[in-house]
Amino acid sequence: MNDILYAIAKDPEGNLFTALNAAKGSLYYCVNCNNVLMLKKSGKTGPRTKRPHFAHKSMAPNCQPETALHFGFKTLAAEKLNRYLEAGAPFNFNWRCGFCRDRHTGNYTKKLKSVRLEYDLKHCRPDIALLDENEQIFAAIEIVVTHEPSERVINYYLENKIILIQINLKSDEDIYLVEQKLTEPDLVKFCPNPKCSVCDNFQQKIIMSIVDGKCWNCYSPMKAALMKNGAYKFLFGPEKFSPSEITFAAEKGAAISKYQSRITGEQYQANFCPKCGTFVRRYSKLLNYLSYAQEEAFPIQNFRIRYNCSYCREKKLSDDNNWAQNLKW
């Protein structure tokens, strides 16, 4: 962890100020020990100059800047959430799911009716508690500077269906990134996807993409259909489409037909150019279509098709009667 400085303080009325928006000559106090702080802000830049910060006017041996950072960030984060709530505006956040490995988007204010700091749950006190209209906590935001939530606390959240949102702070400069940190938390213990009925793990979202590209042979316009997961990673092409998915892709303008390899004689479904009949065979060329679309060279449409348990597929399903229990995370 970087050397942490005091980046936040309070005025005599208790209002918080960061070292960047504080003014020299004003009176500031430490949010931890209430002792007087001095603002250190020279305006100079360079390798030997310290970033703006506060310093104790007299020795405060039991006061730590990490504690001030933790207090300041959670207070400013709660104020930010309250401003969105009062404005009736959505406040989205994104995370890579540790359960299904997809990327998800959530909205802090969708169910939110009140924000509480250090809310007493008897078993724990989350830094920020998000409560619904029934005054029930549905999400806990934990701000981590030095100590992560214990396993006991994490299990309590999981058992009580409380979403854990964890934000890790590594520098006092994170105090200026409150909205960014809320938008991209380091950990979210929640998956909106359904669970597999066989192994009870969360399933992956399977998305069909229709790419408006060009034939690699004659350069005429053509649409290519492919599947990717919720993290927008390429999975497979029409060779693994179900009959209903082939019909759906055709309705969206993709031409799909059976291709036969001249070398192996293998047959499978593939995209083809309606003008010259050239097939877009498996993986490599389809991956190019997706790459061009992600670079915004080709237009793309995405449709959620189904969910699939990658965990069962990866383990190849043992015949053992207890295999489903053994597969659980």
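Residues numbered from 1 in each chain as written. Predicted model: local features only at pLDDT ≥ 70, side-chain atom pairs only at ≥ 80, totals over all residues. Heavy atoms only, no water.

**Student:** Which parts of the structure should I look at to understand the layout of surface pockets?
**Tutor:** To locate leftover empty space, one rolls a probe as large as a water molecule over the atoms. What the largest pocket holds in volume is close to 560 Å³. Considering the residues around the largest pocket, the lining is formed by 21 residues, among which Phe-99, Leu-158, Lys-189, Lys-195 and Phe-202 are closest to the centre. When residues of the lining of the largest pocket are traced back to their parent elements, those giving at least two are β6 (92–96) and β12 (187–189). The biggest single contributor to the lining of the largest pocket is β12, with 3 residues. Its residues placed into classes, the lining of the largest pocket shows 12 nonpolar, 2 polar and 7 charged. (1 Å grid on protein atoms, 1.4 Å probe; cavity = no way out; pocket = protein on both sides within 12 Å on 5 of 7 lines; lining within 4 Å. Points joined across faces, edges and corners; volume = space filled by probe spheres on them. Helix = DSSP H or I, 4+ residues; strand = E, 2+ residues; numbered from the N terminus. Nonpolar A, V, L, I, M, F, W, Y, C, P; charged D, E, K, R; others polar.)

**Student:** How should I be thinking about the confidence of the model for the protein in this particular structure?
**Tutor:** As a general rule, the predicted coordinates of low-pLDDT regions are not to be interpreted in detail. Per-residue pLDDT for the protein averages 90, and the proportion of residues at 70 or more is 92%. Long-range and interchain partners of residues 323–329, a stretch whose pLDDT sits below 50, account for 21 contacts in this model, where long-range means more than four residues apart. (pLDDT = per-residue confidence, 0-100. Contact = heavy atoms within 4.5 Å.)

**Student:** Whenever I open this one, the packing of aromatic side chains confuses me. Can you help?
**Tutor:** Each aromatic ring pair is summarised here by two numbers: the centre-to-centre distance and the angle between the ring planes. Summed over the entire model, instances satisfying the criterion amount to 15 aromatic pairs. Note on Phe-272 and Phe-279: the rings are 5.7 Å apart at their centroids and 45 degrees apart in plane angle, and the pair reads as tilted. On the accessibility criterion, Phe-279 (18% relative accessible area) is buried. Put simply, the rings of Tyr-84, Phe-91, Phe-93, Trp-95 and Tyr-108 touch in pairs and so form one group of aromatic residues. A cation over an aromatic ring shows up here: Lys-285 above the ring of Trp-216, its NZ or CZ 4.4 Å from the ring centre. (Phe/Tyr/Trp six-rings, centres within 6.5 Å; stacked < 30°, edge-to-face > 60°. Buried < 20%, exposed > 50% of the residue type's maximum accessible area, 1.4 Å probe, protein only. Lys NZ or Arg CZ within 6 Å of the ring centre and 35° of its normal.)

**Student:** Looking at this model, I keep getting lost on the pattern of salt bridges. Mind explaining?
**Tutor:** Summed over the entire model, instances satisfying the criterion amount to 9 salt bridges. Salt-bridge contacts for Asp-120 lead to Arg-125; the nearest nitrogen and oxygen are separated by 3.7 Å. Judged by its relative accessible area of 46%, Asp-120 falls in the partly exposed class. Its salt-bridge partner being Glu-245, residue Arg-306 comes within 2.4 Å of it at the nearest N-O pair. Taken together, the positions of Arg-306 in strand β19 (residues 300–308) and Glu-245 in helix α4 (residues 243–251) put the pair 61 residues apart, joining distant regions of the chain. Connected via shared salt-bridge partners are Lys-74, Glu-118, Asp-120 and Arg-125. (Salt bridge = Lys/Arg side-chain N within 4 Å of Asp/Glu carboxyl O.)

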